[in-house]
Amino acid sequence: MDKDTISKYLTEQFERGRPILVTGSGFSRCACNIAGVPLPSSKELSKKIWELVYPADAFEEDTQLQDVFENAKATQSSRLVELLRNQLTVDTMTSDLAIYEKIFSLPWYRVYTINIDNLDQAVDITYRLKRRIKAIDGMPEKNIMTDKSGNISNTLFCIHLHGLLESSPDGVTFGRLQYANRGRYTDSWYSAFISEIMT
């Protein structure tokens, strides 16, 4: 398919408000957190959490975020909460969010993210977008389908499939046990996500 055909197709889809934005690790890297540095990658976050749990040991490069998070939640829960909030809260005063203003201003049908940071909320309070961004906690125990039809003209729903930062560490999906625990619930937003991506 040539570029002109792709461009025409995407233009038509955006005119109909059909595209879905899906974001994950790395999407928030252009924003700075309240610690004064760019939001961390998964590897960088793993290393910082490792330092909470194993301060005397050198970081093992093959460490999985799920594992070190689970250990920190069990042994350093209050310090883990503080670390996550410092690392994943966007500082609207020091961050240049202009690129995100452009991205979120596009006529998306809906946004899904596996990130728990508050980037979408930071963009919403920094700019006067045509549609307000509403962050939705997508954890299955919440089980609230805020908008089953999908499209409210003045609101862009951003579904945090793994939960919101303010619900950490228990109300997010990071650790292996938390992934396993999701199977106990009807996972409405994940079902909606899969359906919408497929169709």
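The structure displayed is predicted, hence computed values, not measured ones.

Notes on the overall build of the protein
Then step 1. On a plain count of helices and strands, the protein comes out with eight helices and four strands.
Then step 2. In the protein, the succession of α and β elements from N to C terminus is α-β-α-α-α-α-β-α-β-β-α-α.
Then step 3. For a compact globule of 199 residues, the expected C-alpha radius of gyration is about 16 Å, and the protein comes in at 18 Å, within 12% of that figure.
Then step 4. C-alpha atoms of the protein, sized along the principal axes, occupy 55 × 40 × 35 Å.
Then step 5. Here the protein, with 199 residues, has 45% of them falling under the buried criterion.
Then step 6. When contacts within the protein are restricted to residue pairs at least 6 apart in sequence, those whose partners lie at least 24 apart make up 69%.
Then step 7. On the protein, roughly 11,000 Å² of surface is accessible, and the fraction owed to carbon and sulfur atoms is 52%.
Then step 8. Both charge centroids of the protein, one from 23 positive and one from 26 negative side chains, sit 5 Å from each other.

Let's talk about the packing of aromatic side chains
Then step 1. Inspection of the entire model under this criterion finds eight aromatic pairs.
Then step 2. Measuring from centroid to centroid gives 5.6 Å for W50 and F59, while their planes differ by 90 degrees, and the two rings are edge-to-face. Each member of the pair W50 and F59 is classed as buried.
Then step 3. Aromatic side chains Y112 and F193 sit 4.9 Å apart centroid to centroid with 55 degrees between the ring planes, which places their arrangement in the tilted category.

Considerations on a negative patch on the surface
Then step 1. Taken together, the side chains of D57, E60, E61 and D62 define an acidic patch exposed on the protein surface.
Then step 2. Relative to the elements of secondary structure, D62 occurs in the loop between α2 (42-53) and α3 (65-75).
Then step 3. Residue class for D62 comes out exposed when judged on its relative accessible area of 60%.

A word on the pattern of salt bridges
Then step 1. Within this structure, the stated rule accounts for four salt bridges.
Then step 2. Put simply, R29 and E44 hold a salt bridge, and the shortest N to O gap is 2.6 Å. Of this pair, R29 sits in the loop between β1 (20-23) and α2 while E44 sits in helix α2, placing them 15 residues apart in sequence.
Then step 3. Judged by its relative accessible area of 32%, E44 falls in the partly exposed class.
Then step 4. Residues K73 and D170 are paired through a salt bridge, measuring 3.4 Å at the closest nitrogen-oxygen approach. Of this pair, K73 sits in helix α3 while D170 sits in the loop between β4 (155-160) and α7 (176-181), and the two are 97 residues apart along the sequence.

Overview of the side chain of Q178
Then step 1. Within the secondary structure, Q178 is located in helix α7.
Then step 2. Under the relative-accessibility criterion, Q178 is labelled buried at 9%.
Then step 3. A distance of 2.7 Å separates a polar atom in the side chain of Q178 from the backbone oxygen of P169.
Then step 4. For Q178, the side chain forms a polar contact with the main-chain oxygen of V172, separated by 2.9 Å.

Some thoughts on a nonpolar patch on the surface
Then step 1. A cluster of nonpolar side chains, M1, I6, Y9 and L10, forms an exposed patch at the surface whose accessible area comes to about 450 Å².
Then step 2. Its place among the elements puts I6 in helix α1 (residues 3-15).

Reading the values: rules and limits
- Residues numbered from 1 in each chain as written.
- Predicted model: local features only at pLDDT ≥ 70, side-chain atom pairs only at ≥ 80, totals over all residues.
- Heavy atoms only, no water.
- Helix = DSSP H or I, 4+ residues; strand = E, 2+ residues; numbered from the N terminus.
- Rg over C-alpha atoms; globule rule 2.2 N^0.38 Å.
- Buried < 20%, exposed > 50% of the residue type's maximum accessible area, 1.4 Å probe, protein only.
- Contact = heavy atoms within 4.5 Å.
- Areas by Shrake-Rupley, 256 points an atom, 1.4 Å probe, with all protein chains shown as cover.
- Lys, Arg positive; Asp, Glu negative; His and termini not counted.
- Charge placed at Lys NZ, Arg CZ, Asp CG, Glu CD.
- Phe/Tyr/Trp six-rings, centres within 6.5 Å; stacked < 30°, edge-to-face > 60°.
- Patch = residues over 30% accessible without salt bridge, like charges linked within 9 Å, V, L, I, M, F, W, Y side chains within 5 Å.
- Salt bridge = Lys/Arg side-chain N within 4 Å of Asp/Glu carboxyl O.
- Polar contact = N/O pair within 3.5 Å; in protein donor to acceptor, adjacent residues only side chain to side chain.

All we've got here are geometric facts, nothing functional implied.
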